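# Working through the structure, step by step
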Amino acid sequence: MISAELLLSKSTITIDVHLNENKVPENITWQASDTTIEKAQKAKAMMLSVWDSKAQETLRIDLWTKDMPVNDMFILYHQNMMGMATSLEKSTGEGKLAEGLRDYCAFFAEKTKILG
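Read on for an overview of the structure. (Residues numbered from 1 in each chain as written. Predicted model: local features only at pLDDT ≥ 70, side-chain atom pairs only at ≥ 80, totals over all residues. Heavy atoms only, no water.)

### Quick word on the overall build of the chain
The criterion, for reference: Secondary structure elements follow DSSP: runs of H or I no shorter than four residues count as helices, runs of E no shorter than two count as strands, and numbering proceeds from the N terminus. For the radius of gyration, the atom set is restricted to C-alpha positions; the globular benchmark scales as 2.2 Å times the number of residues to the power 0.38. Partly exposed residues are those whose accessible area sits between 20% and 50% of the maximum for their type, while under 20% is buried and over 50% is exposed, using a 1.4 Å probe and protein chains only. Residue contacts are defined here by distance: any two heavy atoms, one from each residue, within 4.5 Å place the two residues in contact. To measure how exposed things are, a 1.4 Å probe is used in the Shrake-Rupley method; for residues, cover is taken only from the protein chains shown. A residue counts as positive if it is Lys or Arg and as negative if it is Asp or Glu; His and the chain ends are not included. Charge coordinates come from a single atom per side chain, which is NZ of Lys, CZ of Arg, CG of Asp or CD of Glu.
When helices and strands are tallied, the chain shows three helices and five strands. Reading the helices (α) and strands (β) of the chain from amino to carboxyl end gives α-β-β-β-β-β-α-α. The C-alpha atoms of the chain give a radius of gyration of 18 Å, which is well past the 13 Å a tight globule of 116 residues would have. Sorting the 116 residues of the chain into buried and exposed places 18% on the buried side. Taking contacts inside the chain between residues at least 6 apart in sequence as the whole, the part at least 24 apart equals 27%. As displayed, the chain offers around 9400 Å² of accessible surface, 56% of which is attributable to carbon and sulfur atoms. Across the chain, the centroid of the 13 positively charged side chains sits 3 Å from that of the 16 negatively charged ones.

Here is the structure:
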């Protein structure tokens, strides 16, 4: 017999944001408890969205370091939107809506010149 306690698991994700004197992010690091990587990983930007079902709204934290290149920001947005299209399709089965988002991503990539 397996104890219910053994079936439950927990993962902790820690995000550290180091600010300068003007409260602008200079350094972002993150670490997850359920990975084999023991050292905190550096990041130039992060986007976190949390759904508040009671308020029916998304709570967001978008941060980027002062040295994040604009072109890298375009790539970050493009990859996030493509991931959202995939998640939308998997979670709702709405393939046509997901394809519409992918079409916008193609337009975005063309306008920002991020894809060869």
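### Brief notes about the sheet that holds strand 3 (residues 41-43)
Strand pairing in a sheet takes place through backbone hydrogen bonds and is either antiparallel or parallel in direction. Which entries qualify depends on this criterion: For two strands to count as paired, DSSP must find a minimum of two bridges between them. For helices, the axis comes from a line fit to the C-alpha atoms of the stretch in contact; other axes are also lines fit to C-alpha atoms, and the angle between any two N-to-C directions lies between 0 and 180 degrees.
Read across the sheet, three strands follow the order 1-2-3 without closing on themselves; strand pairing throughout is antiparallel. What marks the edges here is a single partner per strand, and that holds for strand 1 (13-19) and strand 3. Strand after strand, the sheet turns through a mean of 25 degrees between neighbouring axes, direction not considered. Of the pairings in the sheet, the one linking strand 1 to strand 2 (residues 25-32) comprises seven bridges and is antiparallel in character. Paired with Val17 across the strands is Ile28, a residue of strand 2.

### As for the environment of Val70
Checked against the element boundaries, Val70 lands in helix 2 (residues 70-92). Separated by 39 residues in sequence, Val70 and Ala109 place their C-alpha atoms 13 Å apart.

### Some remarks on the pairing of strand 5 (residues 57-64)
Direction of pairing for strand 4 (residues 45-52) relative to strand 5: antiparallel, over a ladder of eight bridges. Counterpart to Met47 in the pairing with strand 5 is Asp62. Where strand 4 folds back on strand 5, the antiparallel hairpin that results is connected by four residues, among which Gln56 adopts a positive phi of roughly 55 degrees.

### Details of the packing of helix 2 against helix 3 (residues 95-112)
Helix-helix packing: each pair is described by the crossing angle between the helix axes and the interaxial distance. Stated formally: Roughly parallel means an angle under 35 degrees; roughly antiparallel means over 145; roughly perpendicular covers 65 to 115; every other angle is labelled oblique.
Put simply, helix 2 and helix 3 touch, their axes get as near as 8 Å, and they point 170 degrees apart. Taken together, the axis directions place helix 2 and helix 3 in an arrangement best described as roughly antiparallel. Between helix 2 and helix 3, the contacting residues are Asn71, Phe74, Tyr77, His78, Met81, Met82, Met84, Ala85, Thr86, Leu88 and Glu89 on the first element and Gly95, Leu97, Ala98, Leu101, Arg102, Tyr104, Cys105, Phe108, Ala109 and Thr112 on the second.

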